[in-house]
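Each chain is listed here by its residues.
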Amino acid sequence: MPISTLRSMSSNWILLYFTSRATTLSMDTGSSFQQLGMQQHLQPPRQQLSGYGKCSTTGSDPGKNPGKAAECSGGSGIEKGPVPMVCSTPCGNPYAGLVSHLRASWLSGKTRPMEYRVAQLEALGRFLDDKKQEILEATELDMGKPSFEAFFSEILLCKNELNITLNNLSHWMKDEHVDKNLVLQLDSAFIRKDPYGVVLIIAPWNYPIHLFLVPLIGAIAAGNCAIIKPSEIAKNTERLIAETLSCYLDNDCFAVVTGGVPETTRLLENKFDYIFFTGSSPVGRIVMTAAAKHLTPVTLELGGKNPCYVSDTCDVTNVARRVVWGRFFNAGQTCIAPDYLLCTIEMQEKLMPALRAAITEFFGPNPRESPDFGRIVSDKQFQRLRALLCSGRVAIGGQTDEAERYIAPTVLADVLPSDPAMQEEIFGPILPIVVIANMDEAIDFINARPRPLAVYAFSCDSKIVNQVLERTSSGGFCGNDTLMHLTLTSLPFGGIGSCGVGKYHGKFTFDTFSHHRGCLHRNMGLETLNSPRYPPYTQQKLGLLTTTFEVKRRGTCTLL
Ligand code: NAD
């Protein structure tokens, strides 16, 4: 690939982290380009590259002892470990060599044994333990994430996924034997959980550890190699992942690629065996289009507007506390946060003081001073959110501070469906209330819009909660609370329609990253059993074939 093409690809740094010494290949300097020009093949000679590692963990070289944290001192150069593969001509893509290297590792079969998978998963556990404080600090710097919230969402929930996976892996990996027809009774028919191969995981910024790590747990558990692309928006967390993860994982099989749109666009040109994307719906479309070129299967975990219906029969105080928690956790930057409330005008009146009381109870009289309330991740997001405040009437909050990217926990009353806040996913600390006449109108309102990632319904009458569940469609559902369905690894998590394709969490993540390969292993003998299916065809053979292959509908068998 000509250097000029690479140069025009991005004026920013393009960083590839994938050596056992957490080495970074930077592509913005003349010297780096020279090095790139020399690396044309899958296995180029090892050479010195600018180091970027900042690992200080203990243990041996993960390349030699996969899953064991390496003594990654970082600094300049590398002496050993895999070498960055950057393909120039003919493939012309800066990530082609990396993908080929991972594919070669996968084809070698090293990721398949259970012991290997367990070692890598345990290493991820050590990453979370060793880097806990740094994770809390990085997410605090990125979006003022309160450490309590960061611990819960980025560490505890990830550890749960890890432990559920480690506790069940041997069982999940086992072949599943299935029912057979008469002809195949002496043979073995089973579902083999095969890894896909080389998978790509693209993550967003709002839970920057959780949303790359939970898919990665499943990818490793299922025996894949993986490239992880964290969000460039959560800069501090991106840097932490890039600098330290390679110290824990086998760098022949797992790599972190950093960067924004230009880098991800080039990365997506490569053929992956599976792509797991979490992010916005517009980018989801871009990812799916790129995947379609190679017929690569995808999981898309996208966003949307999650309605929350509050019936007239409910405990207003409890509803307010549960809604305020779900809406303002992570300053509202949660894909399954209740996006807007639907209730009658009478309930809006009753709810308002209860919502105000809950906000004051949780964040004090001035939430700006609360250590438990986060900030907006970027100026762009801040401006977008501030523009939504003109919807309806500001009933609670509404204060903003651009310098701090602070938006107070805000409730907007009497919001109309045509208001700006109802035109897009809010993804911030703003809660509009749309007034409806009754439950039927609320259900019609929900069904007239794209299917959401979550539907919430509050009522003391479980029949009402069940009606909302029955008569709507969404990725997930939670009655009488918000967000809590996500904490169960036993429930599938994922979207439907424009909020996503596929599901994960717990065993669902393992299954997502496994190809369920239908296998039949037949006995070499007993050839007479096969005769009825061979030509020359006769009426008698057809009768035998029907008797041995036919599946009868239950209850239709007549006893003679
Ligand atoms: P985003 O779509 O802007 O970015 C996600 C990832 O895609 C990032 O790594 C980014 O670098 C990359 N990307 C961005 N533009 C790209 C392009 N043109 N081509 C290729 N790659 C590109 O999303 P975000 O702003 O990081 O996250 C917020 C969105 O994610 C919200 O819509 C939210 O609802 C959604 N989300 C969904 C879930 C879920 O589980 N369903 C979880 C968290 C966030």
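Conventions used here
Residues numbered from 1 in each chain as written. Predicted model: local features only at pLDDT ≥ 70, side-chain atom pairs only at ≥ 80, totals over all residues. Heavy atoms only, no water. Pairing = 2+ DSSP bridges. Helix = DSSP H or I, 4+ residues; strand = E, 2+ residues; numbered from the N terminus. Expected span 1.5 Å × (residues − 1). Bend = angle between axes of the 7 residues up to and from the residue. Buried < 20%, exposed > 50% of the residue type's maximum accessible area, 1.4 Å probe, protein only. Contact = heavy atoms within 4.5 Å. UniProt positions renumbered as here; feature names shortened; annotations may be inferred. Axes fitted to C-alpha atoms, helices over the stretch in contact; angles between N-to-C directions. Core = buried A, V, L, I, M, F, W, Y, C linked by side-chain atoms within 4.5 Å. Domains from an automatic or database assignment. Near = heavy atom within 4 Å. Polar contact = N/O pair within 3.5 Å; in protein donor to acceptor, adjacent residues only side chain to side chain. Areas by Shrake-Rupley, 256 points an atom, 1.4 Å probe, with all protein chains shown as cover. Nonpolar A, V, L, I, M, F, W, Y, C, P; charged D, E, K, R; others polar. Salt bridge = Lys/Arg side-chain N within 4 Å of Asp/Glu carboxyl O. Phe/Tyr/Trp six-rings, centres within 6.5 Å; stacked < 30°, edge-to-face > 60°.

Draft legend 1. Inspection of the sheet that holds strand 3 (residues 176-177) at higher detail. Here three strands make up an open sheet; going across it, the order is 3-4-20 and the pairing antiparallel. Each edge of the open sheet is held by one strand with a lone partner, namely strand 3 and strand 20 (514-521). Two strands pair when backbone bridges link them, and strand 3 and strand 4 (residues 188-195) are joined in this way by two bridges, in the antiparallel orientation. Its bridge partner lying in strand 4, Glu176 is registered against Ile191.

Draft legend 2. Local environment of helix 12 (residues 345-363). Relative to the 27 Å expected for 19 residues at 1.5 Å per residue, helix 12 spans 27 Å between its end C-alpha atoms, a close match to the ideal helical length. The sharpest bend along helix 12 reaches about 30 degrees and sits at Leu351, with the proline Pro353 one to four residues further on. Regarding helix 12, the residues found buried are Met347, Gln348, Leu351, Met352, Ala354, Leu355, Ala358, Ile359 and Phe363. Residues of helix 12 that are buried make contact with strand 10 (307-310), helix 11 (316-328), strand 11 (340-343), strand 12 (393-396), strand 15 (410-413) and strand 16 (430-435). Two residues or fewer past helix 12, Gly364 is found with a positive phi of approximately 80 degrees.

Draft legend 3. Structural detail: the UniProt feature "active site" (unreviewed entry) in the protein. Taking the UniProt record as the reference, the feature "active site" (unreviewed entry) is found at Glu301. In this fold, Glu301 is placed in strand 9 (residues 298-301).

Draft legend 4. Quick peek at the sheet that holds strand 17 (residues 454-458). If you trace the seven strands from one edge of the open sheet to the other, you get 12-15-16-11-10-17-18, paired in mixed fashion. Edge positions in the sheet fall to strand 12 and strand 18 (476-479), since each of these pairs with one other strand and no more. Ignoring which end each strand starts from, the neighbouring axes of this sheet average 25 degrees apart. Where strand 11 and strand 16 come together, three bridges link them in parallel fashion. By the bridge assignment for strand 16, Cys343 is matched with Val435. Contacting strand 10, strand 17 and strand 18, helix 15 (residues 462-471) runs over the sheet at an angle of about 170 degrees to strand 18.

Draft legend 5. Structural view of unusual backbone geometry. With omega at 0 degrees, the peptide bond leading from Pro535 into Pro536 counts as cis. Located in the positive-phi region is Asn480, a residue other than glycine, with phi close to 60 degrees. With respect to the element layout, Asn480 can be found in the loop between strand 18 and strand 19 (500-501).

Draft legend 6. Molecular detail of the nonpolar core. Counting residues in hydrophobic clusters, the biggest one holds 117 residues, and the most contacted among them are Leu124, Phe212, Leu216, Ile227, Leu245, Val310 and Leu355. Looking at which domains feed residues into this core, each of domain 1 (95-302) and domain 2 (307-496) gives three or more. If sequence neighbours within four positions are ignored, Leu355 has contacts with Ala320, Val324, Leu341, Ile396, Val411 and Ile433. Tyr309, Ile436, Met439 and Ile443 belong to the second-largest nonpolar core, a separate cluster that totals 26 residues.

Draft legend 7. Broad picture of the site of the ligand. Neighbouring residues of the ligand: 26 residues in total, closest Ala203, Glu232, Ser280, Leu302 and Glu425. Lys229 places a polar side-chain atom, nitrogen or oxygen, 2.8 Å from an oxygen atom of the ligand. Separating an oxygen atom of the ligand from a side-chain N or O atom of Glu425 is a distance of 2.4 Å. Expressed as a share of its isolated accessible area of 830 Å², the protein-covered part of the ligand is 90%. Every element with two or more residues in the shell around the ligand is listed here: helix 9 (261-268), strand 8 (274-278) and helix 10 (281-293). Here the shell around the ligand is composed, by residue class, of 15 nonpolar, seven polar and four charged. Counting only domains with at least three residues in the shell around the ligand, you end up with domain 1 (95-302) and domain 2 (307-496).

Draft legend 8. Representation of the pattern of salt bridges within the structure. What the rule picks out here adds up to 25 salt bridges. For Glu404, the salt bridge identified is with Arg375, shortest N-O distance 2.8 Å. One end of the pair, Glu404, is in the loop between strand 13 (400-401) and strand 14 (406-407); the other, Arg375, is in the loop between helix 12 and helix 13 (379-386), and 29 residues separate them in sequence. Connected through shared salt-bridge partners, Arg368, Arg375, Asp401 and Glu404 make up one network.

Draft legend 9. Fine view of the packing of aromatic side chains. Counted by the stated rule, this structure contains 14 aromatic pairs. Measuring from ring centre to ring centre gives 5.4 Å for Trp325 and Phe329, while their planes differ by 70 degrees; the resulting arrangement is edge-to-face. Both rings, one in Phe493 and one in Tyr504, keep their centres 6.1 Å apart while their planes meet at 70 degrees; by these two values the pair is edge-to-face. With Phe493 in the loop between strand 18 and strand 19 and Tyr504 in the loop between strand 19 and helix 16 (507-512), this pair connects stretches of sequence that are eleven residues apart.

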